[in-house]
Amino acid sequence: MRKTRPAGPGPTATPRRPPLVRELVLVTALFLVYKFGRLFANGHEARAFHNADRVWDLERAVHLPGEGTVQQLLLHGDGLIRAANTYYAAVHFPATLAFLAWLYWRRPAHYLWSRRVLALLTAAALALHLLLPLAPPRMLSASGLIDTARVYGPSVYGATPETDSMANQFAAMPSLHFGWALMVAIGLIAATRSRRRLLWLLHPALTLLVIVGTANHYWFDALVAAVLLALALLVVPAPVHRHRPPYDGRRATPPVPRTPVTAAATAGALR
């Protein structure tokens, strides 16, 4: 007699995780390229301020809300503006690393997709940093904005932008703070099934508020980052979802074995 296996959730093909050491090297290289690649755009201060004037005038021409409106909201209290500065300085890298680490262990296919998208976005951003050096609004006298990190702290930049050897302060466009935050939200929405997963969009929304309110970026910096991310998402294929039928947790009733009807039983039934 054949044994009948209880019905239940069938096996699903889970993508294998890529080698951990290789991925650590690749992700570290991505962050180092982001960190030190921007330094190659140094030495173009005159162009950076000229481009800043053009961006500022263009934003006013298309009637975008002034960055100063957001900054005034943050300046209502010292604690609020310090929290915004801290968010700008401390959340960007750790949030992205935590995002990639979680995907690596729980959603390998989404990890590969997200890592490739982030790498492409970062490469495109670095190319634009070289082609279009841009001084941030906190350096632009016409903006009337203050450098909140320098005044209230904490700050991740040197006091003299021209001699800052740790960061290129003239690489405002695009904002990778916003671009990476938006990809984190998109990646988590795609990789999870919670009904509240759209709340991940609060991360890029808060990041946008912070980068504009602290006068580190223009609105256009975030807009260009979003466009580059959209192009990267078009180029890199998204993971294919494998659906399986719902399983209610109950065991299926084993089938009743069919026995051959004997001639005697048939004769008895006919009497």
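Preceding block: the structure.
Residues numbered from 1 in each chain as written. Predicted model: local features only at pLDDT ≥ 70, side-chain atom pairs only at ≥ 80, totals over all residues. Heavy atoms only, no water.

**A few points about the overall build of the protein**
So, point 1. Broken down by element type, the protein carries 11 helices and 0 strands.
So, point 2. Each of the 271 residues in the protein was classed as buried or not, and the buried ones make up 39%.
So, point 3. For the protein, restricting intrachain contacts to residue pairs at least 6 apart in sequence, the fraction spanning at least 24 positions comes to 84%.
So, point 4. Surface exposure of the protein reaches about 16100 Å², of which carbon and sulfur atoms provide 65%. (Helix = DSSP H or I, 4+ residues; strand = E, 2+ residues; numbered from the N terminus. Buried < 20%, exposed > 50% of the residue type's maximum accessible area, 1.4 Å probe, protein only. Contact = heavy atoms within 4.5 Å. Areas by Shrake-Rupley, 256 points an atom, 1.4 Å probe, with all protein chains shown as cover.)

**Here's the deal with unusual backbone geometry**
So, point 1. Here glycine 153 and proline 154 are connected by a cis peptide whose omega angle stands at -10 degrees.
So, point 2. Relative to the helices and strands, proline 154 resides in the loop between helix H7 (148-152) and helix H8 (176-191).
So, point 3. Put simply, methionine 173 and proline 174 share a cis peptide bond, and its omega is -5 degrees.
So, point 4. Note that proline 174 resides in the loop between H7 and H8.
So, point 5. Of note, histidine 63 is a non-glycine position whose phi angle comes to about 60 degrees, a positive value.
So, point 6. Locating histidine 63 in the fold gives a position in the loop between helix H2 (45-61) and helix H3 (67-74).
So, point 7. When its relative accessible area of 70% is taken as the criterion, histidine 63 is described as exposed.
So, point 8. Despite not being glycine, alanine 215 shows a phi value in the positive range, around 65 degrees.
So, point 9. Note on placement: alanine 215 falls in the loop between helix H9 (202-213) and helix H10 (219-235).

**Brief notes about the packing of aromatic side chains**
So, point 1. All chains considered together, the criterion is met by 4 aromatic pairs.
So, point 2. Between tyrosine 104 and tryptophan 105 the ring centres are 5.3 Å apart and the planes differ by 90 degrees, which places this aromatic pair in the edge-to-face class.
So, point 3. Following the ring pairs from residue to residue traces out a cluster consisting of Tyr104, Trp105 and Tyr111.
So, point 4. In this structure, arginine 60 packs its charged tip against the face of tryptophan 56, placed 4.1 Å from the ring centre. (Phe/Tyr/Trp six-rings, centres within 6.5 Å; stacked < 30°, edge-to-face > 60°. Lys NZ or Arg CZ within 6 Å of the ring centre and 35° of its normal.)

**What to know about the environment of leucine 188**
So, point 1. Here leucine 188 shows up in helix H8.
So, point 2. For leucine 188, a relative accessible area of 8% puts it in the buried group.
So, point 3. Considering only alpha carbons, one finds leucine 188 and tryptophan 200, 12 residues apart in sequence, at a separation of 7.1 Å.
So, point 4. Excluding anything up to four places from it in sequence, leucine 188 contacts Phe99, Trp102 and Trp200.

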